[in-house]
Amino acid sequence: MEKLDACIRNHDKEIEKMCNFHHQGFVDAITELLKVRTDAEKLKVQVTDTNRRFQDAGKEVIVQTEDIIRCRIQQRNITTVVEKLQLCLPVLEMYSKLKEQMSTKRYYSALKTMEQLENVYFPRVSQYRFCQLMIENLPKLREDIKEISMSDLKDFLESIRKHSDKIGETAMKQAQQQKIFTVTLQKQNNVKFGKTMYINDRIPEERNEIVLKHAFEEEDENEEEVLTVQDLVDFSPVYQCLHIYSVLGDEETFENYYRKQRKKQARLVLQPQSNMHETVDGYRRYFTQIVGFFVVEDHILHVTQGLVTRAYTDELWNMALSKIIAVLRAHSSYCTDPDLVLELKNLIVIFADTLQGYGFPVNRLFDLLFEIRDQYNETLLKKWAGVFRDIFEEDNYSPIPIVSEEEYRAIISKFPFQDPDLEKQPFPKKLPMSQSVPHIYIQVKEFIYASLKFSESLHRSSTEIDDMLRKSTNLLLTRTLSSCLLNLIKKPHIGLTELVQIIINTTHLEQACKYLEDFITNITNISQETVHTTRLYGLSTFKDARHAAEGEIYTKLNQKIDEFVQLADYDWTMSEPDGRASGYLMDLINFLRSIFQVFTHLPTNSSDHAAMSGKVAQTACMSACQHLSTSLMQMLLDSELKQISMGAVQQFNLDVIQCELFASSEPVPGFQGDTLQLAFIDLRQLLDLFMVWDWSTYLADYGQPASKYLRVNPNTALTLLEKMKDTSKKNNIFAQFRKNDRDKQKLIETVVKQLRSLVNGMSQHT
């Protein structure tokens, strides 16, 4: 403490020294300050005043400075906002563009915009909340686009399903126009070079030129109106949906869905209506829908990559083709109208040509057409059977009367008839055939034309067409016409004169067959000398018809004879004959004379016709005499006839004599000697045996070639003798006391016994 106190005292001394040293300066300073005090006060007043004045003047500066500071801050903020907005504005513009694309249904572009937003723009502004909202909204937009595009695709599929017939109709029409133009141009070139594939005598060259001119005019008119599948269908939904699913990485799902739906639509398209076969419109609608379907698929195949492939379309077409063939085969079998079958064929050809133009194989369709061709020929045969029946019904079966040169030329222009002798005869004159002959010939040519219509456009050679025409014509001749002729011949209202005229008609039709062969040759340009050329079977057809007509003549003549014989009313127990032939027999003979007179006086313009008519008359006359002889013999030997008197035998002999006189009068010229009388030889020898009662000669000479009664059968003689024996017993009950009657009765019994012995011996020998 002492040291501290000593130190304090030292410091105080030093301070005192320091103060003493500086005191004068301090006093001087105070003095100086006192001197400047007044000036300082003045200065203070001046400074205060100046400060006041500065403060007053700086208030505006302060306000303006604050404004400047505030503006600088705003400017800095604005600059910052502009920079941020410049960074966000492209994002917002792109998002706005996205919204606009969505509203205008530009979904593929919208997806591309989304990709740009995600990859380029959103990373720049990812720190902002609006960006997060946008990012969260994009998946929903993608799903919306996916759903909308799928909905548009469904609408598109439904639309093309409804409009596929219009698409197919347009495609088929274009294919048909192209084909007509090509064929017409080819025909024009053929005409120029003198080569014609078909020679149609119904279409002159002038008509060909007119048809060609119209075809070119139509082609020029249609050039401006050619529509493509793109003109008829808006494919943008498919392209858009494909692109959308491609962008979304789900292309396989879209392809599977599209193919699945199209296969379902294919099955619906291939399902026909139940009444499709009733009208051609039903077939046309069926074909146009199928064509429309595959035209769309072909377009999709070529304008898209991978949506459908060639393998897929081929598989779909093969499936459809099998179904189409089955449907056509089933429904065409119901078609009975040849015109409908022909229209069906034309539709199938156009259908095949159209799809072939799009690259689809159609060979199986043309194979099907060959099946339908057979059915077409069947319907033609049925139709022409009705035509032939109508012709035969309307025919008068009389030679065609010709009164002028014009009529004669008109007929021979339709039917190839040549007869120099007839041409030399003056008018009026008659052609040997009836009206049905030229009509039948014309209809056969019409049938060939109709058959040719089906053969056109089948892409077959002239040789094949020639073969088809000849085969179908042979069917017409050998089956249809032959059947109609046979049915005509069998009709009850056809008389003997009509049958003879039918025979003459068939001869002329047979001769016309070679002209039909020439007609087919002119159509196809295939020579008849070709090895594989089919010949027409008209010769056998008309020969069979002639034989049937001749047989019907003989049958009808025999039936007429039976009708007369049934009128016979013999009194088999008469004691004496009437002295004249029976009335029924005289009527029968007069009828036969008139019939054979008609046969021999049929109008004939050539030696062939005369020979044919004479041959028919001779055969008919011989058949009639033989049938009459057989009928009379059966009348004698009838089991229901129990008794015959000698008077009845004599009356019967008178009738047989009239038959022999008829045979010897040569009712039909051309018989040699007594050929016709031989038809009654059996009756004559039998009646002679009973008339002269020459039993001893008969029994002695029986079996000898020179026997007088060689044609008398012991069985026949025994049957007739027993009937006479019973009559003798009945009529001679009281005459048995007369010696002659008793002797005759004994003789009959003796002859009966001998005949029975002879018959029994023959039976044992047999």
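Predicted, not measured: the structure shown is a model, and the values here were computed from it.

## Side note on the overall build of the chain
Line of reasoning, step 1. When helices and strands are counted, the chain shows 24 helices and two strands.
Line of reasoning, step 2. Expressed as a percentage of the 766 residues in the chain, the buried residues total 41%.
Line of reasoning, step 3. Taking the intrachain contacts of the chain between residues at least 6 apart in sequence as the baseline, contacts between residues at least 24 apart amount to 80%.
Line of reasoning, step 4. Per element, the accessible surface of the chain, about 42,900 Å² overall, is 52% carbon and sulfur.

## A word on helix H20 (residues 646-664)
Line of reasoning, step 1. For H20, with 19 residues, the first-to-last C-alpha span of 26 Å sits near the 27 Å given by 1.5 Å per residue.
Line of reasoning, step 2. Taken together, the buried positions of H20 are Gly647, Ala648, Val649, Gln651, Phe652, Asn653, Asp655, Val656, Cys659, Glu660, Phe662 and Ala663.
Line of reasoning, step 3. Positioned one or two residues after H20, Glu666 has a phi angle of 55°, which is positive.

## Notes on the packing of aromatic side chains
Line of reasoning, step 1. Per the counting criterion, the structure on display carries 29 aromatic pairs.
Line of reasoning, step 2. Ring centres of Phe254 and Tyr258 lie 6.4 Å apart, and the angle between their planes is 35°; on these two criteria the pair is classed as tilted. Residue Phe254 and its partner Tyr258 are located together in helix H7 (residues 251-270), separated by four residues, close to a single helical turn.
Line of reasoning, step 3. Since its relative accessible area comes to 0%, Tyr258 is described here as buried.
Line of reasoning, step 4. Centroid distance Phe293 to Phe294: 5.1 Å. Interplanar angle 80°. Geometry classified as edge-to-face. Take Phe293 and Phe294: they sit in the same class, and that class is buried.
Line of reasoning, step 5. Three or more aromatic residues joined by ring pairs form one cluster here, namely Tyr286, Phe287, Phe293, Phe294, Trp317, Phe351 and Phe360.
Line of reasoning, step 6. A cation over a ring is seen here: Lys429 above Tyr408, with NZ or CZ 4.8 Å from the ring centre.
Line of reasoning, step 7. One residue, Lys560, lies across the ring of Phe591, its end atom 5.9 Å from the ring centre.

## Looking at unusual backbone geometry
Line of reasoning, step 1. A cis amide bond links Phe427 to the next residue, Pro428, at an omega of -5°.
Line of reasoning, step 2. For Pro428, the position within the fold is in the loop between helix H13 (420-424) and strand E2 (429-431).
Line of reasoning, step 3. Despite not being glycine, Lys105 shows a phi value in the positive range, around 60°.
Line of reasoning, step 4. By the secondary structure assignment, Lys105 is in the loop between helix H1 (2-103) and helix H2 (107-121).
Line of reasoning, step 5. Its identity is not glycine, yet Trp693 carries a phi of approximately 60°, on the positive side.
Line of reasoning, step 6. If you trace the backbone, Trp693 turns up in the loop between helix H21 (681-692) and helix H22 (695-701).
Line of reasoning, step 7. For Trp693, a relative accessible area of 18% gives the class buried.

## Points about the state of the cysteines
Line of reasoning, step 1. Overall, the coordinates contain zero disulfides when judged by the stated rule.
Line of reasoning, step 2. Cys131 supplies the cysteine sulfur nearest to Cys88, a cysteine that is in no disulfide, at a spacing of 8.2 Å.

## Some details on the packing of H20 against H21
Line of reasoning, step 1. Relative to each other, H20 and H21 sit at 145°, their axes nearing to 10 Å. For H20 against H21, the interelement crossing comes out left-handed. Two secondary-structure elements touch here, H20 through Met646, Val649, Gln650, Phe652, Asn653, Val656, Ile657 and Glu660 and H21 through Leu683, Arg684, Leu687, Phe690 and Met691.
Line of reasoning, step 2. Tallied by class, residues from the contact of H20 with H21 come to nine nonpolar, two polar and two charged.

## Quick word on the packing of H2 against helix H6 (residues 236-247)
Line of reasoning, step 1. Following both chains from N to C, one finds H2 and H6 inclined at 20°, their axes separated by 9 Å at the closest point. Judged on the interaxial angle alone, H6 and H2 are roughly parallel. Where H2 crosses over H6, the two elements pack in a sense that is left-handed. In contact with Tyr107, Tyr108, Leu111, Lys112 and Glu115 of H2, H6 contributes Gln240, His243, Ile244 and Val247.
Line of reasoning, step 2. Taken together, the residues of the contact of H2 with H6 break down into five nonpolar, two polar and two charged.

## Considerations on the pattern of salt bridges
Oppositely charged side chains may form a pair once their charged atoms are brought near each other.
Line of reasoning, step 1. Per the stated rule, a full pass over the model turns up 28 salt bridges.
Line of reasoning, step 2. For Arg409, the salt bridge identified is with Glu405, shortest N-O distance 2.5 Å. Taken as a pair, Arg409 and Glu405 lie in helix H12 (residues 405-414) at a separation of four residues, close to a single helical turn.
Line of reasoning, step 3. Residue class for Arg409 comes out partly exposed when judged on its relative accessible area of 43%.
Line of reasoning, step 4. Its relative accessible area of 33% is what places Glu405 among the partly exposed residues.
Line of reasoning, step 5. With its nearest N and O atoms 3.1 Å apart, the salt bridge here joins Lys471 to Asp467. Taken together, the residues Lys471 and Asp467, both in helix H15 (residues 462-490) and four residues apart, mark about one turn of the helix.
Line of reasoning, step 6. Look at Lys471 and you get partly exposed, because its relative accessible area is 46%.

## Observations concerning a nonpolar patch on the surface
Line of reasoning, step 1. A cluster of nonpolar side chains, namely Phe26, Ile30, Leu33, Leu34 and Val36, defines an oily patch on the protein surface of about 460 Å² accessible area.
Line of reasoning, step 2. The residue Ile30 is located in helix H1 in this model.

## Section: helix H16 (residues 496-524)
Line of reasoning, step 1. Between its terminal C-alpha atoms H16 stretches 42 Å, which fits the 42 Å expected from 29 residues at 1.5 Å a residue.
Line of reasoning, step 2. Considering bend angle alone, the principal kink of H16 is centred on Cys513 and spans about 30°.
Line of reasoning, step 3. For H16, the buried fraction is high: 22 of the 29 residues fall into the buried class.
Line of reasoning, step 4. One or two residues past the end of H16 sits Asn525, with phi positive at roughly 60°.

## Thoughts on the confidence of the model for the chain
Line of reasoning, step 1. Looking at the chain as a whole, the pLDDT averages 81, with 87% of positions reaching at least 70.
Line of reasoning, step 2. When mean pLDDT is taken per element in the chain, H20 scores highest with 90 and helix H4 (residues 205-223) scores lowest with 42.
Line of reasoning, step 3. Ignoring residues within four places in sequence, the model shows residues 193-224, a span with pLDDT below 50, making 30 contacts including any to other chains.
Line of reasoning, step 4. Scored below 50 in pLDDT, residues 732-737 makes four contacts in the model with residues more than four places away or belonging to other chains.

## A few points about the side chain of Asp655
Line of reasoning, step 1. Relative to the helices and strands, Asp655 is located in helix H20.
Line of reasoning, step 2. Residues within four places of Asp655 in sequence aside, it is in contact with Tyr570, Ala581, Ser582, Tyr584 and Leu585.

Conventions and cut-offs
Per chain, the residues get numbers from 1 upward, laid out in the order the sequence is written. Only residues with pLDDT of 70 or above have their local features reported here, since the model is predicted, and side-chain atom pairs are shown and tallied only from 80 upward, although totals for entire chains, interfaces and linings are computed over all residues. To obtain the side-chain values, all non-hydrogen atoms of the structure were included, while hydrogens and water were left out. Numbering goes from the N terminus for both helices and strands, where a helix is a DSSP run of H or I of at least four residues and a strand is a run of E of at least two. Three labels apply to residues, based on accessible area from a 1.4 Å probe with only protein chains included: buried if under 20% of the type maximum, exposed if over 50%, partly exposed otherwise in between. We call two residues contacting when some pair of their heavy atoms lies within 4.5 Å. For accessible areas, the Shrake-Rupley method is used with a probe of radius 1.4 Å. Any residue's cover is judged against the shown protein chains and nothing else. To estimate how far a helix should reach, multiply one less than its number of residues by 1.5 Å. Under the pairing criterion, centres of Phe, Tyr and Trp rings, with the six-membered ring standing for Trp, must be within 6.5 Å; the plane angle then separates stacked pairs below 30 degrees from edge-to-face pairs above 60, leaving the rest tilted. A ring is scored as having a charge over it whenever the NZ atom of a lysine or the CZ atom of an arginine sits within 6 Å of its centre and within 35 degrees of its normal. By definition, disulfides here are pairs of cysteine sulfur atoms that lie within 2.5 Å. Here an axis means a line fitted to C-alpha atoms, over the contact stretch when the element is a helix, while the angle between two N-to-C directions is reported on a 0 to 180 degree scale. Handedness of a crossing is defined here by the sense of rotation of the near helix relative to the far one, left-handed for an anticlockwise turn of less than a right angle and right-handed for a clockwise turn. Throughout, the ten residues Ala, Val, Leu, Ile, Met, Phe, Trp, Tyr, Cys and Pro are labelled nonpolar, Asp, Glu, Lys and Arg are labelled charged, and all others, Gly among them, are labelled polar. Oblique is the label for any angle not covered by the other classes, which are roughly parallel (under 35 degrees), roughly antiparallel (over 145) and roughly perpendicular (65 to 115). The term salt bridge refers to a side-chain nitrogen of Lys or Arg lying within 4 Å of a carboxyl oxygen of Asp or Glu. Each patch is built from residues lacking any salt bridge and having more than 30% relative accessible area; the joining distance is 9 Å for like charges and 5 Å for nonpolar side chains (Val, Leu, Ile, Met, Phe, Trp, Tyr). The bend at a residue is defined as the angle formed between two axes, one fitted to the seven residues ending at that residue and one fitted to the seven starting there. Per residue, pLDDT measures the predictor's confidence, with a range of 0 to 100.

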